[in-house]
Amino acid sequence: MKLKPILLIIVIIILANQTYALGIAPSHSDVIFEPGLEKTIQLKVINNDYKNFDAVVYAERALAEYITIENPTISLSKDQDSKIISYKLNLPKSLEKQGLHEASIVVREIPKETKGGTTITASLAVASKLNVMVPYNGKYAEIKLFVTNFKQNQESNFAVEVINLGTENILEAYAIINIYDPLNNKLAATTSNKVQINSKDKEILIAKWTPEIGLGNYHAVATLMYDGLNTKDEKPFTIGIFELDIASISVNNFKLGGIAKFDILVENNWNEEIPNVFAETSVKDDKEKVYTQFKTASADIPAFGSQELNAYWDTAKVIPGSYKLDIVLNYLGQKTEKIFDIMVEYDKITASLVGKAIAVEEEEKPAVLKSIYILIFLVVILVIFNIFIYFKKVRK
Amino acid sequence: MKIKTFVGINLTINYLQENVTRKDTGSTSGAYTINGSIEIPDNATGMLEDYAAMDNLAPEMQTPRIYSETNKTSSDLLGYCNATDEDLDNVSYYWKWYVNDVGNISGATSENYTQGKERNIANISSGNLSMGDKWTLSCLANDGTLNSSWLNSSLNIKSPPTIIANATSPAIVYTNTDWMLNLTVSDPDDGDVLTTYTQFYVNGSASGLMHSLNVTNGTNTNVANLSSTSFFKGANLTAEFWAGDETENTTKYNATEVTVSNSLPSQVILSYPENNDSFFTNRTPKYNWATSTDVDNDALTYQILVSLNPDVSSPLTNETGISNTYYIQPSELDFATYYWRVRANDSDNYGTWSDIWNFTLVPSVSIKLTQNSINFGTMAQFEVNDTTNNQPAPFKLENDGNTEANVSVNSSSLWVSASAQLNTSYYQFKADNSEANSFNWLNSQTTWANMSDISKSIINTLNHTDSNDLAEIDIRVEVASDEPPLSKSASLIFEAGES
C-alpha cells in the first residue's frame, strides 16, 4: 500500500513531462508591396520542449504561389531549441487590390505512429503570416502607440510609430495623446513632434508627458493627424507600481495579559479598488520563536483610500520586551511584507518599521534545465523506490 | 741688497748681511753688517743712481688667497697676499679687486711686510657681494726696489639652488593613480650636488617619510610620488618641497593642493538580450549586464535606457537607481526593434554609457500540448464516450507564445464505417475552459462540432499570459452500429496562428 503514493508521484512526474510543443517566430511578417520584389524571409522554428521531431513546411493562402520554401521538410533534435528556416518571396509586377494580401507559412509536425484501441493522436502545426500591403492610393497612414511605465511627476515618453501606407507623401503628421482614467474620464493630453513622411516610410513620433495624477491604471489614445486625415490607436498603461502600503500600526487600550488588537492601516494609492485584501501576521522574538500567527478578515480598499485590518494577539504568557511583528499583505495575487519592531510594555505596545522585504523573484531557468531537474528528481525517486523494493524483498 | 751711490749726499750704510761686496774696498769676504741710512735733504739735487753692486732679486708673488666663510653673500671676502723675496726684503703690496673681470677697487699697503708671510691686505664687505659674482684679487709685491709680477686669484660668490619649475601630475587625481611631483632645480655653481626634498601631506598630515633625490642641474625630474594607496577619494593632497646644494637650501614651497577626485565607474558591458537578436520573443525581457567596476569601491547603481531610436533618444524606459545587474521590463513591450544601453553610477557621477545594443522583439506563436493522444480503449457498437468527465482526459492546449493565438483543428478519419466518416457526429470536438478567461468564448467552438479533414476554427484569441493561457479540447466519439471491431486511430492536427 505504501508503494502507491510513490508510484503515483512517478506517474504524475512522467505525465507532467509528456508535453509537445511547437512554435514559430515571427508569427507574422509585414512587407510593403513593390512590383517584382524579391525577398528572403527567415523564420525561427521553436522547439520549446527539446524533442526530436520532423516537420513539413509549406505555404498556403492567396500569396502562396509567390513563395518558395527552401527546405520543405525539417528535422529538429532534442538538442536544438530552435531552427532557422527561410522562404523566398517573389512578388508579381502588380497585385490587383490595394490593401492587405496574405499568405501563411505552416510548419506541421509529422505525426508519429498511433497506438492500439480507439486512439486519437494529436500533432501540432504553427503558422506564420505574411502580410503584403499594397499601398492605398492617396494618403493613408497606420500607427502603433508605444507606452511605457510612467512614474509620478517624472517626464517620460509616448512613442507613435507611423507607417505611410499611401502612395502619396504625408506633408505633416503629428499625434495627440489623450490620457483617460478607468472610468474614461480624460485627464490629460500631450502632443508629439511633427514630421513629414514619405510614401512607404516609417517614422517615430515622440510625445513627452509628466504624469501629475495619481498612481494607477490608465489608457492612452493616440490620434495621428496627417494632412487633414486622422487615425487612432490606444493602449493601457500604468503610472507607478501597484502596491499596497501599510501606513501605520497601532494598539489601543492594551493591558499585558489581555488580547492585543493591532489596527493595521492599509493604504491604497492606486486608482482602482483593491478587493479581498487580507494580512497574515506573526509575532516573533529575536530567536525567531513564533508567539502567534493570525490571518485577518478580508477587506476591499477603495481607490486612493485606506482600510483598517485587525489582527489579535493573546498576551497572557507574554513578558514585556521587544518582538517583531511580520505583516504580509495579500491582494490580487501579490504580497507586500513589512516587519515592525514592537515594544510590549505593561500598558502599551508601540511599533516601528524595521524594513521592507518583498518576495524575491525566482530566476528564470531555461527549459532544458527544467528538464534536467525533472530527470534528476526522477532518478532520485527511482533509486529510493528500488531501495524500498530491495528491503521489502530482504524482509520477506 | 742694493748699494746706492749718492752724489753730494752724506750716506751711512749699515751692512746687515753676509756675502756682500763693499764697493769702496772691494772686500767680499767676511761678515759685514752695514748699518746705514740715507738722508736726503729737502733741497737735495742730483741723481739717485742705482747700480747693482750686489744682485737684488724681485720678490716673487705667491697666489693670492680670497677667503670667505661661506662663499656666499653673507660673508666678507678677505684678500690675502703673500710674496717671497730671496733677498729677504720686506715687501709692500699693490692690490686690485675685480668683479666679474672689471676693476673694482685697488690700493697698496702702506707698510712693508715680512716676505713669505701671508698678509690680509684688502677686504670686500659682504654688502658689496652679489650672488654669482666672480671676485678676483690681484696682488703685486715690491721689495722697495723691484716689483713682482701681478698674480690673481678668484672666488665665485656661490648661489643657492633655485627651483625653477614644479608640477604635480596628473591634473586630476584619482584613487588608482599615484600623485607625482616633478621639479627642475637650477644652480649656477658648477659641480654642486643638487638634492630635492619632498614631504607629502594628506589632509594636512604628513604622509610617509620625506623623499630626497639627487637631481641634475636644470633637468625636469620626477622627484617623488605619493602612492595611490596613501589617499582616498576626497582627500586633499599637497606636497612641501625644497632643494639644496649641500651648503644651502632653497626656501620650502608648497605644491598647489589637489582634491582626490571620484573615479568614475567602468563602462558597462551588456550581455542580454544579445545584440542584433532579430528573433527575440520575451516581451518582458530581463536585461542583463556585467558588473561595472569602481576603483573607489563605491556602491554602484545603474541606469538603463530603452528606446525605439537607434541613438536611444526619447527612451520609453529610463530607469535609474537599479542596484542589480539586471532590469526586468515591468510590462510587456510591443513588437519592434529596441535599442538599449546602461551606465553605472557611483553616487557622485555616472560612468561611460555602454555600447548600444538592439534586439527585435517579434511575435511568436507557440503551442503546447500536455498530452498528445487520447485513448478511449476498446469501444463497443453504439458506445459513446467523450473527455468532458476527464475519462479519458481531454487535450490541453497552452499558448506558450508571446501573442494571442487562434487554433484550428482537423483530423483524419477515425472510423471505418461509411456512416461514421468525418463531418458526422461520430467524431466531434469542442473547446472548454481550463483556466478562466483564457480565450474568446463567444467566438470559439464551445459546443460539439463535427470533426473534418479541413481545418476548423476551435479557439479564438487564446491568451498568452501564464495565468490564463490554457484551454481544453474535448473529443467525443461514438461507435456506429456497423463499425467493425478493430483498433481505430485518427491523426488530429492542431494548427495555431497569430490572432
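Please read these numbers as outputs of a predicted model, since none were measured by experiment.

Visitor: I keep staring at the overall build of chain A and nothing clicks. Help me out?
Guide: Within chain A, the regular secondary structure consists of 2 helices and 26 strands. Expressed as a percentage of the 396 residues in chain A, the buried residues total 44%. Relative to all contacts within chain A whose residues are 6 or more apart in sequence, the contacts with residues 24 or more apart total 66%. Accessible surface computed for chain A: about 21100 Å², of which carbon and sulfur atoms make up 53%.

Visitor: I'm lost on the sheet that holds strand β10 (residues 141-146) of chain A in this one. Help?
Guide: Strand pairing in a sheet takes place through backbone hydrogen bonds and is either antiparallel or parallel in direction. All names here are of chain A. With antiparallel pairing, the 3 strands of this open sheet are ordered in space as β10-β11-β15. Edge positions in the sheet fall to β10 and β15 (202-209), since each of these pairs with one other strand and no more. Adjacent strand axes in the sheet meet at a mean angle of 20° when their direction is disregarded. Where strand β11 (residues 156-164) and β15 come together, 8 bridges link them in antiparallel fashion. In the strand pairing of β15, F158 is matched with A207.

Visitor: Can you walk me through the interface of chain A and chain B in this structure?
Guide: Note: interface size is frequently given as the accessible area lost on complex formation between the parts. Listed per partner, the contact involves 56 residues of chain A and 60 residues of chain B. Counting the surface lost from both chain A and chain B, the interface buries some 4500 Å², and carbon and sulfur atoms represent 49% of this. By the criterion of area lost to chain B, the three top residues of chain A are Y20, T118 and I120 of chain A, representing 17% of everything that side buries. The tally of links from chain A across to chain B stands at 3 salt bridges. Where chain A packs against chain B, one counts 30 residue pairs in polar contact (both at pLDDT 80 or more).

Visitor: Would you explain the domain arrangement of chain B in this entry?
Guide: Here chain B is described as being made up of domain 1 (60-156), domain 2 (162-259), domain 3 (270-361) and domain 4 (367-498). When each unit is reduced to the centre of its C-alpha atoms, the spacing between domain 1 of chain B and domain 4 of chain B is 131 Å.

Visitor: Even after reading the chapter, I still don't get the state of the cysteines, so can you show me in this structure?
Guide: Each disulfide consists of one covalent bond between the sulfur atoms belonging to two cysteines. All names here are of chain B. By the definition in use, this model includes 1 disulfide over all chains. Shown here is the disulfide that connects C81 with C139, its sulfur atoms set 1.8 Å apart. Handedness here is read from the sign of the S-S torsion; for C81 and C139, about -55°, the answer is left-handed. Taken together, the positions of C81 in strand β6 (residues 77-84) and C139 in strand β10 (residues 134-142) put the pair 58 residues apart, joining distant regions of the chain. A single burial state applies to C81 and to C139, both of which are buried.

Visitor: Just to check I follow, could you spell out the sheet that holds strand β12 (residues 162-169) of chain B for this structure?
Guide: All names here are of chain B. Strand order in this open sheet of 3 strands is β12-β13-β16, and the pairing throughout is antiparallel. Looking along the sheet, the strands with just one partner apiece sit at the ends: β12 and β16 (221-226). The sheet shows a mean angle of 25° between the axes of neighbouring strands, direction not considered. Of the strand pairs in this sheet, β12 and strand β13 (residues 179-186) are connected by 7 bridges, and their pairing is antiparallel. Each residue of the ladder has a partner; that of I163, found in β13, is V185.

Visitor: Explain the confidence of the model for chain B to me, please; I cannot follow it from the model alone.
Guide: Any residue range with low pLDDT should be treated as having predicted coordinates unsuitable for detailed reading. Residue and element names in this part refer to chain B. Mean pLDDT over chain B: 89, with 89% of residues reaching 70 or higher. Every residue in residues 1-18 scores below 50 in pLDDT, and together they form 58 contacts with partners more than four places removed in sequence or on other chains. For the stretch residues 47-53, pLDDT sits under 50, and the model shows 10 contacts to residues farther than four places along the chain or on other chains. With pTM at 0.75, the complex prediction returns an ipTM value of 0.81.

Visitor: How should the nonpolar core be read in this particular structure?
Guide: Looking at soluble globular proteins, one finds that nonpolar side chains tend to be buried together. In this structure, Y427, I475 and F494 of chain B are the most contacted members of the largest nonpolar core, which totals 67 residues. Among the elements that line this core, the one with the most residues is strand β9 (residues 118-134) of chain A, at 7 residues. Not counting residues up to four positions away in its chain, the partners in contact with F494 of chain B are A122, S123, L124 and A125 of chain A together with L369, F395, L397, V407, S408, V409 and I473 of chain B. Of all hydrophobic cores here, the second largest spans 57 residues; its members include A207, A220, L224 and A260 of chain A.

Visitor: Looking at this model, I keep getting lost on the packing of aromatic side chains. Mind explaining?
Guide: Within a pair of aromatic rings, the relevant descriptors are the distance that separates the centres and the angle that separates the planes. Under the criterion given, the structure shown has 30 aromatic pairs over all chains. With centroids separated by 6.4 Å and ring planes inclined at 25°, the aromatic side chains of F262 of chain A and W313 of chain A adopt a geometry described as stacked. Residue F262 of chain A is located in strand β19 (residues 259-267), and its partner W313 of chain A is located in strand β23 (residues 306-314); the two are separated by 51 residues in the primary sequence. An identical accessibility class is assigned to F262 of chain A and W313 of chain A; each is buried. Positioned over the ring face of W353 of chain B is R341 of chain B, at 4.4 Å from the centre of the ring. Sitting over the ring of W448 of chain B, K430 of chain B keeps its end group 5.2 Å from the ring centre.

Visitor: Can you help me understand the environment of I274 of chain A in this one?
Guide: Residue and element names in this part refer to chain A. Relative to the helices and strands, I274 is located in strand β20 (residues 274-284). Sequence-wise, I274 and R61 are 213 residues apart; in three dimensions their C-alpha atoms are separated by 47 Å. Setting aside residues up to four positions removed in sequence, I274 forms contacts with F242, L244, N268, A299, D300, I301, Y331 and L332.

Visitor: Got a minute to help me understand the side chain of T317 of chain B in this structure?
Guide: Its location among the elements puts T317 of chain B in strand β24 (residues 317-322). The class of T317 of chain B is buried, set by a relative accessible area of 4%. A polar atom in the side chain of T317 of chain B sits 3.1 Å from the side chain of Q329 of chain B. When near neighbours in sequence (up to four residues on either side) are disregarded, T317 of chain B contacts T148 of chain A together with I304, L305, V306, Y327 and Q329 of chain B.

Visitor: Honestly, the pairing of strand β8 (residues 99-109) of chain A in this entry has me stumped. Any pointers?
Guide: Every regular strand shows the same layout, with side chains that alternate between the two sheet faces. Residues and elements named next belong to chain A. Buried residues dominate β8, accounting for 9 of its 11 residues. Both strand β4 (residues 53-60) and β8 contribute to a ladder of 6 bridges, which runs antiparallel. Pairing of A59 across the sheet is with I105, part of β8.

What counts, and where the lines are drawn
- Residues numbered from 1 in each chain as written.
- Chains lettered and ligands numbered in written order.
- Predicted model: local features only at pLDDT ≥ 70, side-chain atom pairs only at ≥ 80, totals over all residues.
- Heavy atoms only, no water.
- Helix = DSSP H or I, 4+ residues; strand = E, 2+ residues; numbered from the N terminus.
- Buried < 20%, exposed > 50% of the residue type's maximum accessible area, 1.4 Å probe, protein only.
- Contact = heavy atoms within 4.5 Å.
- Areas by Shrake-Rupley, 256 points an atom, 1.4 Å probe, with all protein chains shown as cover.
- Pairing = 2+ DSSP bridges.
- Axes fitted to C-alpha atoms, helices over the stretch in contact; angles between N-to-C directions.
- Buried area = accessible area lost by both parts, 1.4 Å probe.
- Salt bridge = Lys/Arg side-chain N within 4 Å of Asp/Glu carboxyl O.
- Polar contact = N/O pair within 3.5 Å; in protein donor to acceptor, adjacent residues only side chain to side chain.
- Domains from an automatic or database assignment.
- Disulfide = S-S within 2.5 Å.
- pLDDT = per-residue confidence, 0-100.
- Core = buried A, V, L, I, M, F, W, Y, C linked by side-chain atoms within 4.5 Å.
- Phe/Tyr/Trp six-rings, centres within 6.5 Å; stacked < 30°, edge-to-face > 60°.
- Lys NZ or Arg CZ within 6 Å of the ring centre and 35° of its normal.

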